[in-house]
Amino acid sequence: MRLRTFLTRLLNPRADLSRLRHTSPHAGGEVRRRRVRLRHILFNVPLLAGGLIVLILFTGVLFGPLLAPQNPYLHGRHSMEYVDGNLSSPPFPPSPEHPMGTDELGRDTLSMLLYGTRNTLVAAAFITMARLALGLALGGLAGWNKGRLVDQVVMGTIQMLISLPMLLVAMILIFALNIRRGLPVFIVALCAVGWGEIAQYIRAEFIRIKQEPFLDSGWAIGLNSLELAIRHILPNVLPALIVITLLEMGAGLMILGELGFVGVYIGGGTAIPVGDFSQRQYFALPEWGAMMAGSRAWARSRPWMVMFPAIAFFVSVTGFNLLGEGLRRLIDQGLFNSTLSICIRPPYLG
């Protein structure tokens, strides 16, 4: 009961929601808003294109393994095949049986891409959520305490991170935390080097909104700093946070692709000796970054091996960036707002 009372006060301490629902749209003090209509969507090309790509990706996350013609967790079905009348060993070029070819173990590339959609996008989503949470917490803390010690520490840390090459620092952290531990290591490493820009934006928004006069009503009724931040400031930055989340998904996918191309991918793969003085890394978990790493040595002689996972990364990053740009245009036109901000205006405070 106490927890419920605390949450009620924190999220909505004195607002009369029943009164708010029955308020006439023409009443004085009401913030009138434009509704999103079909024409706003149809003429928003980035929103349509990005939404279609993200929808296809989401379908791949849910049903990719069911659509895959083979199971890439098993080894290639054939170690030798007849190609143009000659007995050849993998990797096999694109053919009716393998529309996108195979890797050097004979595993179907299309199947690995479909299975890897879930693994790659889920990894990027976790990385994005971790970056967003850290950037929101530290950026909000710095913005609320502008000029104080905590603000100086946060901004100094951000400046230090910006001055370092992100890819190199991420690689060092991943290997230092042991790449064999899998996805948690990538989440920690990529979050540690990628939260700075989010924190800078959140800090600037907190500083701007803290100067708005409607915050005085919150102070007047006795709200503390946490309640003011959650009920007054957070709803006003929520639409922009959605756009930032989509853009960060694209950034997370991009750095996963960059790491994969230099041979750093989730799990690290298994080293198998080749000859007396060399060894090769083979991945067991189908993931786009791992596919990039495995095909790097064949980029000149078998270009399709690196081309298809690279296209998957390119299309995914483009889709999330386009969807974020489309939503940004809706926000700029006043068509996309947080409904929570209606409940915090002084006219509706009890």
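Everything that follows concerns the structure shown earlier in this document.
Remember, predicted model here, so these are calculated numbers, not experimental data.

About the cut-offs
Residues numbered from 1 in each chain as written. Predicted model: local features only at pLDDT ≥ 70, side-chain atom pairs only at ≥ 80, totals over all residues. Heavy atoms only, no water. Patch = residues over 30% accessible without salt bridge, like charges linked within 9 Å, V, L, I, M, F, W, Y side chains within 5 Å. Areas by Shrake-Rupley, 256 points an atom, 1.4 Å probe, with all protein chains shown as cover. Salt bridge = Lys/Arg side-chain N within 4 Å of Asp/Glu carboxyl O. Helix = DSSP H or I, 4+ residues; strand = E, 2+ residues; numbered from the N terminus. Buried < 20%, exposed > 50% of the residue type's maximum accessible area, 1.4 Å probe, protein only. Expected span 1.5 Å × (residues − 1). Arc of directions from axis to C-beta. Contact = heavy atoms within 4.5 Å. Axes fitted to C-alpha atoms, helices over the stretch in contact; angles between N-to-C directions. Parallel < 35°, antiparallel > 145°, perpendicular 65-115°, else oblique. Left-handed = near helix turned anticlockwise from the far one by under 90°. Nonpolar A, V, L, I, M, F, W, Y, C, P; charged D, E, K, R; others polar. Phe/Tyr/Trp six-rings, centres within 6.5 Å; stacked < 30°, edge-to-face > 60°. Lys NZ or Arg CZ within 6 Å of the ring centre and 35° of its normal. Polar contact = N/O pair within 3.5 Å; in protein donor to acceptor, adjacent residues only side chain to side chain.

S.K.: Run through a nonpolar patch on the surface, naming residues and quoting values.
M.R.: Together, Phe58, Leu62, Phe63, Leu66 and Leu67 make up a nonpolar patch on the protein surface, roughly 550 Å² of accessible area in all. Take Leu67: it is sitting in helix α4 (residues 45-67). Look at Leu67 and you get exposed, because its relative accessible area is 56%.

S.K.: Before we move on, can you summarise the environment of Ala125 with the specific residues and values?
M.R.: By the secondary structure assignment, Ala125 is in helix α5 (residues 109-144). Between the alpha carbons of Ala125 and Thr245 there is a distance of 9.1 Å; along the sequence they are 120 residues apart.

S.K.: Got a sec to walk through helix α6 (residues 149-162)? Specific residues and values, please.
M.R.: In a regular helix each residue adds 1.5 Å, so 14 residues correspond to 20 Å; α6 covers 20 Å between its end C-alpha atoms and thus fits that length. Along α6, the residues classified as buried are Asp151, Val154, Met155, Ile158 and Leu161. The arc enclosing the buried residues of α6, seen along the axis, measures out at 120°, which places them on a common side. Residues of α6 that are exposed and angled more than 90 degrees away from the buried face: Leu149 and Gln152. Along its buried surface, α6 packs onto α5, α8 (183-194) and α9 (196-210).

S.K.: Describe the packing of α4 against helix α13 (residues 303-332), listing the residues and the values that go with them.
M.R.: Contact geometry of α4 with α13 gives a least axis separation of 7 Å together with a crossing angle of 135°. When the axes of α4 and α13 are compared, the pair comes out oblique. Between α4 and α13 lies a crossing whose hand is left-handed. Where α4 abuts α13, its residues Pro46, Leu47, Ala49, Gly50, Gly51, Ile53, Val54 and Leu57 lie against Val315, Ser316, Gly319, Phe320, Leu322, Leu323, Glu325, Gly326, Leu327, Arg329 and Leu330. For the contact of α4 with α13, the per-class residue count stands at twelve nonpolar, five polar and two charged.

S.K.: Summarise the packing of aromatic side chains; cite the residues concerned and give the values.
M.R.: Each aromatic ring pair is characterised by the separation of its centres together with the angle its planes make. Taken as a whole and judged by the stated rule, the model has one aromatic pair. Aromatic pair Trp288 and Phe313: ring centres 5.6 Å apart, planes at 80°, arrangement edge-to-face. Highlighted residues: Trp288 in helix α12 (residues 288-295) and Phe313 in helix α13, separated in sequence by 25 residues. Look at Trp288 and you get buried, because its relative accessible area is 3%. The class for Phe313 is buried, based on a relative accessible area of 6%. Here the guanidinium or amino end of Lys210 rests over the ring plane of Trp144, the centre of that ring lying 4.6 Å away.

S.K.: Account for the side chain of Thr117, with residues named and values stated.
M.R.: Looking at where Thr117 falls in the secondary structure, it is placed in helix α5. The exposure class assigned to Thr117 is buried, which follows from its relative accessible area of 6%. Polar contacts involving the side chain of Thr117 include one to the main-chain carbonyl oxygen of Leu113, which spans 2.8 Å. Not counting residues up to four positions away in its chain, the partners in contact with Thr117 are Leu57, Gly60, Val61 and Trp288.

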